Amino acid sequence: MKALLLAAMPVVLMDGTTPDLNRWLQIEPAIVAAVECRQALPLHVLDGIAPNAPGSWSLTPARSFTAFGLPVTRIELFIDADGELGASYTAVIEKRSLEQVRKQLKLASKRGRIGQLSADQPSAEVQVSCTVAATGQG
């Protein structure tokens, strides 16, 4: 029976990349602010969430949410703990074309940003990224 339960669990639960709903609700505002390039994501926000690789997390939200008013299916984070490489915060957007995403970003990009905001479609998924320069760099 235990094996059946484990087989039915999504892989993301087994590899530690999906915070439970309560934990997600705690970190969601900071993650949305980082993806929207409004503020850097402090590393301590991710305490207790296992990285996929050093400084790198792939998070599947515990509930649906939006960034820039767009539905997000997954978050990809890179944060260099030493500050030498900077950080990038990426939201994988669900069910929107690159053109729709860019239009939404143009509307939202009138506010000040902490980094470079971009939208791209490297595969079937559209991604919105905020790239923040390393500490001490312009």
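These figures come from a predicted structure and were not determined experimentally.

Asker: Break down the pattern of salt bridges for me, with residues and values.
Answerer: This structure, assessed with the given rule, holds four salt bridges. Across the pair Arg38 and Glu36 runs a salt bridge, and its minimum N-O distance is 2.9 Å. Between Arg74 and Glu76 there is a salt bridge, with its nearest N and O atoms 2.6 Å apart. According to the relative accessible area criterion, Arg74 is partly exposed, its value standing at 21%. Take Glu76: its relative accessible area is 26%, and that puts it in the partly exposed class. Salt bridges here are not isolated pairs; linked through shared partners, they connect Arg74, Glu76 and Glu125.

Asker: Report on the state of the cysteines, specifying residues and quantitative values.
Answerer: Applying the stated rule across the entire model yields one disulfide. Each disulfide pairs two cysteine sulfurs, and for Cys37 the partner residue is Cys130, the sulfurs being separated by 1.9 Å. Around the S-S axis, the bridge from Cys37 to Cys130 shows a dihedral of about 80° and counts as right-handed. Here Cys37 is found in the loop between helix H3 (21-35) and strand E1 (56-59), whereas its partner Cys130 is found in strand E6 (residues 126-132), with 93 residues between them in sequence. Side by side, Cys37 and Cys130 carry an identical accessibility label, which is buried.

Quick notes on the rules
- Residues numbered from 1 in each chain as written.
- Predicted model: local features only at pLDDT ≥ 70, side-chain atom pairs only at ≥ 80, totals over all residues.
- Heavy atoms only, no water.
- Salt bridge = Lys/Arg side-chain N within 4 Å of Asp/Glu carboxyl O.
- Buried < 20%, exposed > 50% of the residue type's maximum accessible area, 1.4 Å probe, protein only.
- Disulfide = S-S within 2.5 Å.
- Helix = DSSP H or I, 4+ residues; strand = E, 2+ residues; numbered from the N terminus.

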